[in-house]
Amino acid sequence: MTDTYTSFRPSALKYRPQKLDDIIGQEVLVKALTNSIQNDRLAPAYVFTGVRGVGKTSTARLLARGLNCLGKDGTSGPTGSPCGVCRPCLDIIQEKSLDVLEVDAASQTGVDDVRQLIENVSYKPVHGRYKIYIIDEVHMLSKSAFNALLKTLEEPPAYAKFFLATTEIDKVPVTILSRSQRFDLKRVSVRRLQEYLGQIVEAEGRVAEAEGLRLIAEAAEGSVRDGLSILDQVFNIAEGDIMRSDVEKMLGYARQQDVIDLMTGAFAGDIQGSLDIFHKLYNEGISILMLTNRMLHCIHRLSTAKAMQAEGGLLETEKKLLEKLSIPSLTRAWQLILKGIEEIRLSPNEADAMEMILIRFCYVSHLPDLIDIATQGLDSDQKKKSFDHPVTVSESNNLQENKSRAAEKYPRDVSQTLNSGEASKENRVSEITMEQLVQYAHENNEVILATHLECSVAFIEGKNLFLKLKKVQSVPQGFERDLQKKMTAWFCAPWVVEWAADDKALSLQESKEQAQKKRLKDYQKSDTFVKIKAAFPEARLTKISERIDP
Ligand SMILES: [Zn+2]
């Protein structure tokens, strides 16, 4: 292909795919179409759907060329890699082919255009093998235009092929879809797009920072065309090598260091400093929502680094900031900004809303951590522990204690069975509690039974091979017979299950709820909670969870 243009040509045109294999990120489509061409099994009509810029019309145009290409020697058959030099190829490239008709339904929705097409269909192709119709944005056709198209699709001449492209497949009538073969083009992954952009940069004889290309690939959201058009603009503004900062400037991104400075100020409660940085960025033209996204991203990075105790990927300035932060303060900042984004969207003035968020952020940074208050008076070691494992309010508790408690709960023979998971004569059990029974059900993967035992029935008595239960809510029919059979098998003894009445009996679930209520009530009176209440008058105690230290 000779390049007749001397002025700037967009990369999307300059690097337009020349064969099916050049279409990036659509491996399934390329393979399927190549096979169909090779085996001469092309359908009369294809629908290509997907977001803009993923290669729908490029695919259609390539197919048009490939089907009509005669090859360099003028004798080749249809191919997925058109030669680009034969008469049909050149005509199609120069858009003067009489055999390939391209319609953009978005600009011509009248029935007349389609009628023109239909009139054309009775004429055989002039130079090529096939008469090809490419209809872009086919969902925009009017109803009558669709009907006209449908009539053609019902009995297409063997030499006619229809390639329909659309971003909104839902708006294409089912009658059309049912007569076409459909391909869904995927968004191109960030990694694949970054790789492709790298190839273009190289072909242009330029050098680019990988991070910069990644930002472009992310901003393109899976569209090759968008990615290339951003790259073109960066080519224009960057002098020499393309740096990450060039891309950031081009995309209206805040520089990473600015974001960290802003966060450092806000976490330190420095209102003036934070607002100054924000004003500077705002005057440089950053998008405010982009800035909040970057702040969230930064908090996420810091939080995962803190939680995983892996600071390897962080910048020095980030590490310094992280030293002063705890997971609770990071979580609080995350929620504050998330809520702020909503406010920015609702606010008539984004910049005002952003200032309010920063002021609130700074103000909240001055408030003590809940954990700090709750652990006042503890020695520094204990305090650090609570700090790193933020759980609302916890009892001192550990696994070892849990284990010994479990041992108390189960009599020796029962816990042996639990551990070995099998029942033998020595494990004959003639006395049992509800907790043990539930545990057995779980051990034997009887999840539904376990749930019913916990929630639907109350335990009255379980000894001398008699289990007496009360129904608290409905249970499946034959529940007691089923349970009896299972217990007899588990415990190697002929257990009998029967219903009985007892006003006071509670299900496990009910007694747990009662116990929790009592603990909440007791805790309201504790010193710790009184301190918390003094610092946060609106605080309410809603739940007490146990902490199990690793
Ligand atoms: Zn050709």
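Everything discussed here concerns the structure shown above.
Below, the structure is looked at part by part.

Definitions and limits used
Residues numbered from 1 in each chain as written. Predicted model: local features only at pLDDT ≥ 70, side-chain atom pairs only at ≥ 80, totals over all residues. Heavy atoms only, no water. Helix = DSSP H or I, 4+ residues; strand = E, 2+ residues; numbered from the N terminus. Buried < 20%, exposed > 50% of the residue type's maximum accessible area, 1.4 Å probe, protein only. Contact = heavy atoms within 4.5 Å. Expected span 1.5 Å × (residues − 1). Arc of directions from axis to C-beta. Axes fitted to C-alpha atoms, helices over the stretch in contact; angles between N-to-C directions. Parallel < 35°, antiparallel > 145°, perpendicular 65-115°, else oblique. Pairing = 2+ DSSP bridges. Donors = N, O, S within 2.8 Å, 3.2 Å for Na, K, Ca; no water. Tetrahedral: all angles 85-135°; square planar, octahedral: opposite > 155°, others 65-115°. Core = buried A, V, L, I, M, F, W, Y, C linked by side-chain atoms within 4.5 Å. Salt bridge = Lys/Arg side-chain N within 4 Å of Asp/Glu carboxyl O. Left-handed = near helix turned anticlockwise from the far one by under 90°. Nonpolar A, V, L, I, M, F, W, Y, C, P; charged D, E, K, R; others polar.

## Observations concerning the environment of Met434
Topologically, Met434 is positioned in helix 22 (residues 434–443). Relative accessible area serves as the criterion here: at 4%, Met434 is assigned to the buried category. Between the C-alpha atom of Met434 and that of Glu454, which follows or precedes it by 20 residues, the distance is 8.1 Å. Sequence-distant contacts of Met434, defined by excluding residues within four places in its chain, comprise Leu453, Val457, Phe459, Leu469 and Leu508.

## A word on helix 2 (residues 27–38)
For helix 2, built from 12 residues, the straight-helix expectation of 16 Å at 1.5 Å per residue is met to within 8% by its first-to-last C-alpha distance of 16 Å. Taken residue by residue, helix 2 has Leu29, Val30, Leu33, Ser36 and Ile37 as its buried positions. Take helix 2 and look down its axis: the buried residues cluster within an arc of 135°, on one side only. Of the exposed residues in helix 2, those oriented more than 90 degrees away from the buried face are Val28, Lys31 and Gln38.

## Some thoughts on the packing of helix 22 against helix 24 (residues 479–491)
Viewed as axis vectors pointing N to C, helix 22 and helix 24 meet at an angle of 85°, and their least axial separation amounts to 12 Å. By the criterion of interaxial angle, the relationship of helix 22 to helix 24 is roughly perpendicular. Along the contact surface, helix 22 presents Leu437, Tyr440 and Ala441, while helix 24 presents Met487, Trp490 and Phe491.

## A closer look at the pairing of strand 6 (residues 457–463)
The pairing of strand 6 with strand 7 (residues 466–471) spans six bridges and is classified as antiparallel. Residue Lys463 lies in a different strand from strand 7, and its bridge partner there is Phe466.

## A short note on the coordination of the zinc ion
All of the protein donors around the zinc ion are Cys69 (SG), Cys83 (SG), Cys86 (SG) and Cys89 (SG); their distances to the metal are 2.3 Å. Because the angles between the four donor atoms bound to the zinc ion fall within 99 to 123°, the donor set is best described as tetrahedral. Spacing between the donor residues of the zinc ion along the chain follows C-x13-C-x2-C-x2-C. Judged by relative accessible area, which is 23%, Cys83 ranks as partly exposed.

## Some details on the sheet that holds strand 8 (residues 496–499)
Taken together, three strands build an open sheet; the order of strands is 6-7-8 and the sheet is mixed. With one partner strand each, in any of the chains shown, strand 6 and strand 8 form the two edges of the open sheet. Across the sheet, the mean angle from the axis of one strand to that of its neighbour is 20°, orientation sign disregarded.

## As for the nonpolar core
Ranked by size, the top nonpolar core spans 36 residues in total, and within it Leu291 and Met295 carry the most contacts. In this structure, Met295 is in contact with Val259, Leu262, Met263, Ile337, Met354, Leu358 and Phe361, ignoring residues within four places of it in sequence.

## Notes on the pattern of salt bridges
Counted according to the given criterion, the structure contains 24 salt bridges. Across the salt bridge formed by Glu218 and Arg214, the nearest N and O atoms sit 2.3 Å from each other. Residue Glu218 and its partner Arg214 are located together in helix 9 (residues 210–219), separated by four residues, close to a single helical turn. Linking Lys486 and Asp482 is a salt bridge whose minimum nitrogen-to-oxygen distance equals 3.1 Å. Placement of both Lys486 and Asp482 in helix 24 is noted, with a separation of four residues, approximately one turn of the helix. For Asp482, a relative accessible area of 32% translates into the label partly exposed. What emerges from the salt-bridge pattern is a single network uniting Glu211, Arg214, Glu218, Arg244, Glu248 and Arg294.

## Structural notes on the side chain of Ser456
Looking at the secondary structure, you find Ser456 in the loop between helix 23 (447–455) and strand 6. Those residues in contact with Ser456 that lie beyond four places of it in its chain are Thr451, Lys470, Lys471, Val472, Gln473, Ser474 and Val475.

## Quick look at the packing of helix 9 against helix 10 (residues 224–237)
With their axes 8 Å apart at the nearest point, helix 9 and helix 10 run at an angle of 135° to one another. With respect to helix 10, the axis of helix 9 lies oblique. Crossing of helix 9 against helix 10: the hand is right-handed. Contacts from Leu213, Ile216 and Ala219 of helix 9 reach helix 10 at Gly227, Ile230, Leu231 and Val234. Taken together, the residues of the contact of helix 9 with helix 10 break down into six nonpolar, one polar and no charged.

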